[in-house]
Every structure is written in C-alpha cells, then in structure tokens.
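# Structural description and commentary
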Amino acid sequence: MNGKFPKLDSFFMQFKPMLLRRKEDVLSSVYSEVGIFYLKQGYVRFYTVSGEGDEMTLYIFSPNSCFPLWLIDSKYSGYYFETLTPSEVYYCDRSKLDQFLSKNLDVNLEIMQQLSQFSASIIKKIEYKIFGSAYQQVIATILDLAECFGQKDKEETTIVYWFTHQDIANIVSLSRERVTMEINNLMKKKLISYNNHFIIIPKLELLRSEAIKKDP
Amino acid sequence: MKKLRKKRVLIIEDEPSILKLLAESFKQSGFKISLAPSAEKGLELFRKNRPDLILLDIILPKMDGLTMLKILRQSPGGHGIPVIVLSNINDHKIISEALRIGVYDFLIKSDVNFTRVVEQVKEVLY
C-alpha cells in the first residue's frame, strides 16, 4: 500500500505516536482490540499461524497504510502484525475513524485503494504458496521486498534494508537453509547479487519472468 | 574450513560506563571494536577503519548523533552500513528522525540488555 494519503495522515497525527523496534509485535503496544493502526514510517508484516505452528505472511504494510481495515469489528484473533523494520505507528479506536470517514467521503477512496492493493496481494500470495516451488516463493518474497524497499538506479534495483537470510525465511515460511540454497541459485544465475547486506536486482523483469517459469 | 573474518563494530557513546560495558560485551563475543566518545571521533574512525556496524548514541557533545548519521549516509561507503541508534530517553522526535534518515534499529539505553544487543548484531552481520 504505497503512496501518500495526506488527509488520512493528518487525521492520525492527532493521536499519540508509538515507536516500535524491528521484530516487535504491534498488537502488544495497545490494550484494546477494536482499533485501527496507521503506519507512518517503517514496514509491518501481517501473518497468520496454522494449527501446526506454521506461519504464513499475507502482506507487508508500507508507510501511510492503515490496518486492519478488513476486519469488520477489528478483532485481531488469529492474525499477527510484526514490525520488519523500526516503525512509527499511530492508533485510534475504530469508531473515531468511522466518524472521520463519514465526514470525509473522499478519504474513503484512499481506503478503497489500500484495500484493493491488499486483496490483490493476498490472492497472489496464496497462489504462490499453493502452486509455487520454494524457489518461486523466495523470488516472490524478494520481489515484494523490492516493491517496498527498492531504490532504482537505471535498470538496477537495490533493496535498501539489511535483510538476512533468516529474515527472508521468516517472511516466506521456509527454513533458513532452504532460503540460502535458493538465493545461491539466484546469484549463480546472476539474477541477484549483494552489495554489503543490500540485495541488488540487476533487472526486475528478468527476476519476475523467472518466478513464473514452469521449470526454473 | 574457511575462517570467518572478524567483524568490526564502531561504538560511539559519550557515557564511559556504557561504552566500557558495550566494548567488553562485543570483545568477549569475538568482535573487533573501535571506540569513540564523540561524533567527530566516530567519523574519523569510520573513515580510517571501515566498520561492519555502528552503535551510535543520539545525544553526544558538540556534534549530535543525528547530524553524524546524516553525514555518514552521505559519505562514500556510509550508505550501506547498518546503524543501531542508542537513546537515553524515549524521545519520539529524535528517534523518528533517525528512522527517516535510515537505521537498522534503535535501543533505549535504560531497557537494554547488552547480551541481546550482541546477539542482534550477530544476526545481521553473520
């Protein structure tokens, strides 16, 4: 959910900000279960956990995102929000946001845009999880990170944050060893490289087409 | 078996007791360390011996930590170094600005567990 939503941003600035370190549970910063968060800075991973304890990342929220908009009564059970990076988050009761939205109908369009992007991403994620190989899932995760953190210089995209293989493994729900193996495969094919701890993607389109190959 | 290069951590902190505790924790865990009690000295050491990670106190005498961070990010090789900022107080504006400039994480000194800091640094460097 990229892009600036100035009215929404101004609305949330009246509430008290919370600064969260990386890998912090967002929900533990509040006591109520009927509120909405606004992510001013940083990135938050939204995931669920199966009965067997397997995690599945459903979405990565970018700055200027609201969540969880899709929960009718905003009860969070079964869903988790963890900061991927240090983050600045605001929080308000759902009723306050609803009141604001009823008086600012144009902001509803901003909310709809966020929800559309969110839905499209979830569908793609589920598709990859069910039909994709580990290799394809790792590529999809790197592409997601490029979408959030990528800085472009001509054809090259640099993921500007210090993600370890373990971080990627947590996001894609594979073992760290498997992620290392797939990343090494990608590096051998020169589809990605590293500069210090930043992942470099020489050509995004090549990596995207690799993700949809039947026999990579 | 290939021997892993020892990683270097640059610690910029003006409180001598905290500087000493951090230095000991990292040294015991096998890191090379560079120590600076000021931002100016920190920049000097960064240019002399490129560190793998920087622990940076926000409140420093003369040049403050945020100014140093901005200079670091604009310096050759400074863009990609992970920085963990240390703050003595939960000062929202300062930490928020540090996030904007670009940091790996932040720590509140009164809450910090030095063993966990070392573990966190190992996570990102190894």
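Residues numbered from 1 in each chain as written. Chains lettered and ligands numbered in written order. Predicted model: local features only at pLDDT ≥ 70, side-chain atom pairs only at ≥ 80, totals over all residues. Heavy atoms only, no water.

## Things to note about the packing of helix 4 (residues 134–149) of chain A against helix 5 (residues 165–172) of chain A
Residue and element names in this part refer to chain A. One can describe the packing of helix 4 onto helix 5 by two numbers: an axis separation of 10 Å at closest approach and a directional angle of 105°. With respect to their mutual orientation, helix 4 and helix 5 come out roughly perpendicular. Contacts between helix 4 and helix 5 pair Gln 137, Val 138, Thr 141 and Leu 145 from the former with Ile 168, Ile 171 and Val 172 from the latter. Residue composition of the contact of helix 4 with helix 5, by class: 5 nonpolar, 2 polar and no charged. (Axes fitted to C-alpha atoms, helices over the stretch in contact; angles between N-to-C directions. Helix = DSSP H or I, 4+ residues; strand = E, 2+ residues; numbered from the N terminus. Parallel < 35°, antiparallel > 145°, perpendicular 65-115°, else oblique. Contact = heavy atoms within 4.5 Å. Nonpolar A, V, L, I, M, F, W, Y, C, P; charged D, E, K, R; others polar.)

## Description of the interface of chain B and chain A
Of the residues lining the interface, 22 residues belong to chain B; the matching set on chain A comes to 19 residues. Each partner contributes to the roughly 1,700 Å² buried at the junction of chain B and chain A, and carbon and sulfur atoms together form 59% of this total. Linking chain B to chain A there are 2 salt bridges. A salt bridge links Arg21(A) to Asp105(B); the nearest nitrogen and oxygen atoms lie 3.0 Å apart. (Buried area = accessible area lost by both parts, 1.4 Å probe. Salt bridge = Lys/Arg side-chain N within 4 Å of Asp/Glu carboxyl O.)

## Topic: a nonpolar patch on the surface
All names here are of chain A. A contiguous nonpolar surface patch, about 350 Å² in accessible area, is contributed by Ile 126, Ile 130 and Phe 131. Summarising the element assignment, Ile 130 is placed in helix 3 (residues 105–131). Among the residues examined, Ile 130 registers a relative accessible area of 60% and is labelled exposed. (Patch = residues over 30% accessible without salt bridge, like charges linked within 9 Å, V, L, I, M, F, W, Y side chains within 5 Å. Areas by Shrake-Rupley, 256 points an atom, 1.4 Å probe, with all protein chains shown as cover. Buried < 20%, exposed > 50% of the residue type's maximum accessible area, 1.4 Å probe, protein only.)

## Some words on the pattern of salt bridges
Residue and element names in this part refer to chain A. Evaluation of the coordinates by the stated rule reveals 21 salt bridges over all chains. Here Glu 82 and Arg 45 are joined by a salt bridge, their closest N and O atoms 3.4 Å apart. You can see Glu 82 sitting in strand 6 (residues 79–83) and its partner Arg 45 sitting in strand 3 (residues 44–49), a full 37 residues away along the chain. The same class applies to Glu 82 and to Arg 45, which are both buried.

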